[in-house]
Structure formats: C-alpha cells, structure tokens
Amino acid sequence: ARACIMQHLRLARTFCRAIPLRVCAHVNLARVLCVRRPSWAVPRASLIPDNVTMKHVHARNYCSTSHPPAAHRPFYNISFYLYDHVVHPVHLQSTLHSAWEGMGVKGRCYIAREGINAQMTIPMTPSAFTQHLCTISSIFNSLFVNESPDQSGPAFSTLKIKHRDKILADGEGLSVPPAPLMRGQYLPPDQWHAALDAADKKDTIIVDVRNNYESELGYFEGAIRPNVDTFRDSVGAIKTILAGKEDSHKVLLYCTGGIRCEKMSHLLLSEGFKDVHQLKGGIVAYSRHVKAKGIPSKFKGKNFVFDERMIEEVTKDAVGRCHLCGTGADVPSNCKNSVCNALIVLCPKCTESALSTCGQEHCLRAVRDGQTKATLHQPPGAYPTKFMRRPHIKSDASTLDEIQHPKSDVK
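Residues numbered from 1 in each chain as written. Predicted model: local features only at pLDDT ≥ 70, side-chain atom pairs only at ≥ 80, totals over all residues. Heavy atoms only, no water.

Student: Give me the overall build of the protein: which residues, what numbers.
Tutor: Helix and strand content of the protein: 14 helices and 14 strands. Taking contacts inside the protein between residues at least 6 apart in sequence as the whole, the part at least 24 apart equals 66%. Total accessible area computed for the protein in this model is approximately 20300 Å², and 54% of it derives from carbon and sulfur atoms. (Helix = DSSP H or I, 4+ residues; strand = E, 2+ residues; numbered from the N terminus. Contact = heavy atoms within 4.5 Å. Areas by Shrake-Rupley, 256 points an atom, 1.4 Å probe, with all protein chains shown as cover.)

Dropping the structure here:
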C-alpha cells in the first residue's frame, strides 16, 4: 500500500511541484490525496486557538499541520522561563517539538536540567498556551507567561528547540539548581515602581543584570550597569561590585524577562546577602504595566530583545550613542559585511557614510567591492554572535563609579 501511495505522489508531483513528496503523517497524506479527514485528523480542542471554534475546524478542515485563515489566527509574542529541576530534558525537547511544530508556534526554546528559557510567537492567547503546556507536563503548572508589549509583528519566523547543559552560562560548576533553591523576593511592576520611588540611594543598589550592548540602549535611572558582554562575566562583576555590602544594602535586580535575575539572586543569597529583590517579568512586564496604567516610566530608552525586532520601545528617549561619532542613536543593526556581523548602533549620518558597516576598513572595502551579501548569508532568525567594542564605553572599568558612569572616549 505504501509503494502504491508513493507512486501516486510521484505522478502528482510531475504536474504540481508544490505537492510534498514525503509522507510524514496521516494528516499530510489526507491533504495530498484530497480526501475528507476522519475524526482522528482533527486536533484536540486544547490545541485550537480560543477564537477558532470546532465549527471552523470542521468547515475549513483545519488540523494541527495547517494554518487557519489570518482573520482567525492572531499571534502573540511571549516569553517564559522555568528555573527548576527538569528530570528528562531530552525527552521534553522531543515532546515540545512534536506538539509545537504542527501548531504554528515559532521561536527559540532552550532546555537544560536546570530549567527552560523560551521566547515564542504563538497563534493563540497566552492563557490558552499556558493551559496547553500544563497538559504536556506538570512542571508547567506554576508557569508565568510574559506577554510582550510590542505586538506589532511576529518576533520569530522559525522554531528552534535546543537541549543545552545550562540555560544560562554562569561560569559556575553546577548544571542543576542546588537544593534548596533560593530566590530574591519578587516585586511585580507596580511594587517595583513604588520601590524605586522610595529607594534610599545610601542603602539601596539597583543592578542591571544585562549585558552592556543591552543597557546602553535603555536602563532604569541610577542603576549600576556592568560593562560586560556575557552573563558569565556579569556574575563575577556584580559580586565584585557588591562585595562588603551583604548586610548593609538592599539590592534591586532587573533584566529583560526575569531569568537572569533568578540565577543572580540565588548566587547573591548564597554569598550571604540578606535583602535581595527582583523585578517579576523583567523590563517586558514593567513596560506593559506603565503603558496600561498611563504612568511615566522610570525606565528610559529601548529594551533590547533577542529576536528579529531587536528592540522594544519603552520610551522615546534616545539614551544610546552612535558607535562611530558618539551622537544620540538607539537603533541596533548588524555590520553589512556578513563576515564581520558585529552588532552596532549608528546614527543616520554614519549609517550612510559607513555604508551600514561597523566602519572598519576591511568591512568598508568589502561592501564597496560587492564581496558581501549579508541578507543572503543570514537566514531568517539568525542572531549576532559578535559584538563591536563600543568606543564610548571604557572596556576595563572595574570601580563602581566607572561602571555606573563610563567615561566617553569619543572626542
């Protein structure tokens, strides 16, 4: 029977190149042969978006491997994380990939024994997606799904689920969360906003747990912003900055979505700090809160995100600086020379004069000679792996004053 079916598919492919040759599931087979799908081809109700009823499913022959019409298929940009023990990460990776591939879920998900870190674009409401996750595994029962305030377009166009040793490389030896797991006290966005109002600069320290290329585009006023390129470097830098303040200071931590604060707060509490707090949901949740309430934001600038958008606007303040001339700029991009691919921030004038490159001579020459085709070499969803050293940030900053107020090298 299989040989007969494959023969029919080969004949059909001769007349229509769009018909897939492979038979990967019964549903695909039913679609190719143009027959009405039986009941087993219709997905469970838990996999159907809230605004797509079972009537739409049967009327339009909607199944888990096809997409409903655009009018019935909204998208939501979300993120979620879980910092806790995952017993079988490889099995969970396979399970999630099988479930999400046919649902139209896009994004990036890292799974390790120490937890899960994901940023997704989903075709259903966050609440429906949370319910779906709970049907897969009980570890998602207490999951907090963070909805992005920027829903202007899908953040991802591909799905990648990877198994890693750690969801965040921290330079520590353990690959699983130690027991008991200590966390800083969660502060929802409204309580965080109030805490910043009431903060005493003498005994309260606000710490940005992100990297320098993120914090240079936006930050909470008065925060310490370590000049580091990776989270691994952040761990050592923040420990050095806060050394000797274990009992005398209140520490407020924030990051993009919350996962880095989970690890950092545990490490600080392990070092003997007594009063550690963290922004629940990170800058993403805070931005959504201030916009919904219509209150002035204490975060100034743009929130750097690791997807195809690259930034989310929190306020219109341009706190960043052009990497070539030092004037105000806040739009990151990659060097047009795909061999370099450095992450840069350029003003409109330097973008034109430097031909959208980082300004290095070999990159300028490559673009002028037409030896680079960055858009062809970079598939959708590819992300920068190298970052240009900012000329206006002191690279060897070690003191608290140098890190919080880096001196400009631009004349």
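Read on for the rest.
Student: Before we move on, could you go through the sheet that holds strand 8 (residues 218-220) and cite the residues and values that matter?
Tutor: On the basis of which strands lie adjacent, the open sheet formed by 3 strands has the order 8-11-12 and antiparallel pairing. Lying at the two open borders of the sheet, with one neighbouring strand each, are strand 8 and strand 12 (311-313). For this sheet, the mean inter-axis angle between neighbouring strands, taken without regard to orientation, is 40°. Across 3 bridges, strand 11 (residues 299-304) lies against strand 12 in antiparallel orientation. (Pairing = 2+ DSSP bridges. Axes fitted to C-alpha atoms, helices over the stretch in contact; angles between N-to-C directions.)

Student: Before we move on, could you go through the pairing of strand 10 (residues 276-279) and cite the residues and values that matter?
Tutor: Side chains Val-276 and Gln-278 of strand 10 all project onto a buried face; the interleaved residues His-277 and Leu-279 project onto the opposite face, where all are buried too. Here strand 6 (residues 185-187) pairs with strand 10 via 3 bridges, running parallel. Across the sheet, Gln-185 pairs through a bridge with His-277, a residue of strand 10. Handedness of the crossover joining strand 9 (residues 250-254) and strand 10 through helix 9 (residues 259-270) is recorded here as right-handed. (Buried < 20%, exposed > 50% of the residue type's maximum accessible area, 1.4 Å probe, protein only. Right-handed = clockwise from strand over helix to strand, strands pointing away.)

Student: Now, about the packing of helix 4 (residues 89-101) against helix 5 (residues 126-136): what can you tell me, with residues and values included?
Tutor: At a minimum axis separation of 11 Å, helix 4 and helix 5 run at an interaxial angle of 135°. Taken together, the axes of helix 4 and helix 5 are oblique relative to one another. In this structure, helix 4 meets helix 5 at a crossing whose hand is right-handed. Residues Leu-92, Thr-95, Leu-96, Ala-99 and Trp-100 of helix 4 touch helix 5, and the partners they reach there are Phe-129, His-132, Leu-133 and Ile-136. Of the residues that constitute the contact of helix 4 with helix 5, the class distribution is 7 nonpolar, 2 polar and no charged. (Parallel < 35°, antiparallel > 145°, perpendicular 65-115°, else oblique. Left-handed = near helix turned anticlockwise from the far one by under 90°. Nonpolar A, V, L, I, M, F, W, Y, C, P; charged D, E, K, R; others polar.)

Student: Outline unusual backbone geometry, listing residues and values.
Tutor: Residues other than glycine seldom take positive phi values, yet Asn-341 does so here, at roughly 60°. Secondary-structure assignment places Asn-341 in the loop between strand 13 (332-334) and strand 14 (343-345). Here Asn-341 falls in the buried class, since its relative accessible area comes to 10%. Residue Leu-355 is not a glycine yet carries a positive backbone phi of 60°. Considering the arrangement of structural elements, one finds Leu-355 in the loop between helix 11 (348-353) and helix 12 (361-368). With a relative accessible area of 30%, Leu-355 lands in the partly exposed category.

Student: Quick rundown of the nonpolar core? Include the residues and the values.
Tutor: Ranked by internal contacts, the top residues of the largest apolar core, which has 26 residues, are Val-209, Leu-242, Leu-253, Met-264 and Leu-268. Broken down by secondary-structure element, the contributors of at least two residues to this core are strand 1 (76-83), strand 2 (106-112), strand 7 (204-208), helix 8 (231-242), strand 9 and helix 9. At 6 residues, the largest contribution of residues to this core is made by helix 9. Once residues within four sequence positions are removed from consideration, Leu-268 is found in contact with Ile-238, Leu-242, Val-251, Leu-253, Phe-273 and Val-276. By size, the runner-up hydrophobic cluster in this structure holds 25 residues, among which are Phe-80, Leu-82, Cys-109 and Met-120. (Core = buried A, V, L, I, M, F, W, Y, C linked by side-chain atoms within 4.5 Å.)

Student: Break down the side chain of Ser-287 for me, citing the residues and quoting the values.
Tutor: Along the chain, Ser-287 turns up in helix 10 (residues 282-293). Not counting residues within four places of it along the chain, the set of residues in contact with Ser-287 comprises Pro-149, Glu-313 and Val-314.

Student: How would you sum up helix 12? Please name residues and give values.
Tutor: Along an α-helix, residues three or four apart share an orientation, since each turn contains 3.6 residues. For helix 12, the set of buried residues is Cys-363, Leu-364, Ala-366 and Val-367. Across the axial projection of helix 12, the buried residues extend over an arc of 160°, all falling on one side. Gly-370 sits one or two residues past helix 12 and shows a positive phi near 70°. (Arc of directions from axis to C-beta.)

Student: An account of the environment of Lys-302 is requested, with residue identities and associated values reported.
Tutor: Position of Lys-302 among the secondary structure elements: in strand 11. Its relative accessible area of 5% is what places Lys-302 among the buried residues. Along the chain, Lys-302 and Val-314 lie 12 residues apart, while their C-alpha atoms are 5.4 Å from each other. Every residue in contact with Lys-302, bar those within four places of it in the chain, is listed here: Leu-217, Gly-218, Ile-311, Glu-312, Glu-313, Val-314, Thr-315, Lys-316, Asp-317 and Asp-330. Within the local environment of Lys-302, its side chain forms a polar contact with the backbone oxygen of Asp-317, the two atoms lying 3.4 Å apart. (Polar contact = N/O pair within 3.5 Å; in protein donor to acceptor, adjacent residues only side chain to side chain.)

Student: For the packing of aromatic side chains, give the residues involved together with the corresponding values.
Tutor: A full pass over the atoms with the stated rule returns 11 aromatic pairs. Both rings, one in Phe-80 and one in Phe-129, keep their centres 6.3 Å apart while their planes meet at 50°; by these two values the pair is tilted. Placement of Phe-80 in strand 1 and of Phe-129 in helix 5 is noted, with a sequence separation of 49 residues between them. The same class applies to Phe-80 as to Phe-129, namely buried. Ring geometry for Trp-192 and Tyr-254: centres 6.1 Å apart, planes at 70°, overall edge-to-face. One end of the pair, Trp-192, is in helix 6 (residues 189-198); the other, Tyr-254, is in strand 9, and 62 residues separate them in sequence. Across the pair, exposure class does not vary: Trp-192 and Tyr-254 are buried alike. Connected via pairs of aromatic rings, a cluster forms that spans Trp-192, Phe-220, Tyr-254, Tyr-286 and Phe-299. Over the face of the ring belonging to Phe-144 we find Lys-280, whose NZ or CZ atom lies 5.2 Å from the ring centre. (Phe/Tyr/Trp six-rings, centres within 6.5 Å; stacked < 30°, edge-to-face > 60°. Lys NZ or Arg CZ within 6 Å of the ring centre and 35° of its normal.)

Student: Tell me about helix 4, and name the residues and values.
Tutor: Along its 13 residues, helix 4 runs 18 Å from first to last C-alpha, staying within 8% of the 18 Å computed at 1.5 Å per residue. If you check which residues of helix 4 are buried, you get Pro-89, Leu-92, Leu-96 and Trp-100. Summarising the axial view, the buried residues of helix 4 lie within an arc of 55°, below the 170-degree limit, and thus occupy one face. Across helix 4 from its buried face, at more than 90 degrees, point the exposed residues His-91, Ser-98 and Glu-101. On the buried face of helix 4, the contacting elements are strand 1, strand 2, strand 3 (115-122), helix 5 and strand 5 (159-163). (Expected span 1.5 Å × (residues − 1).)

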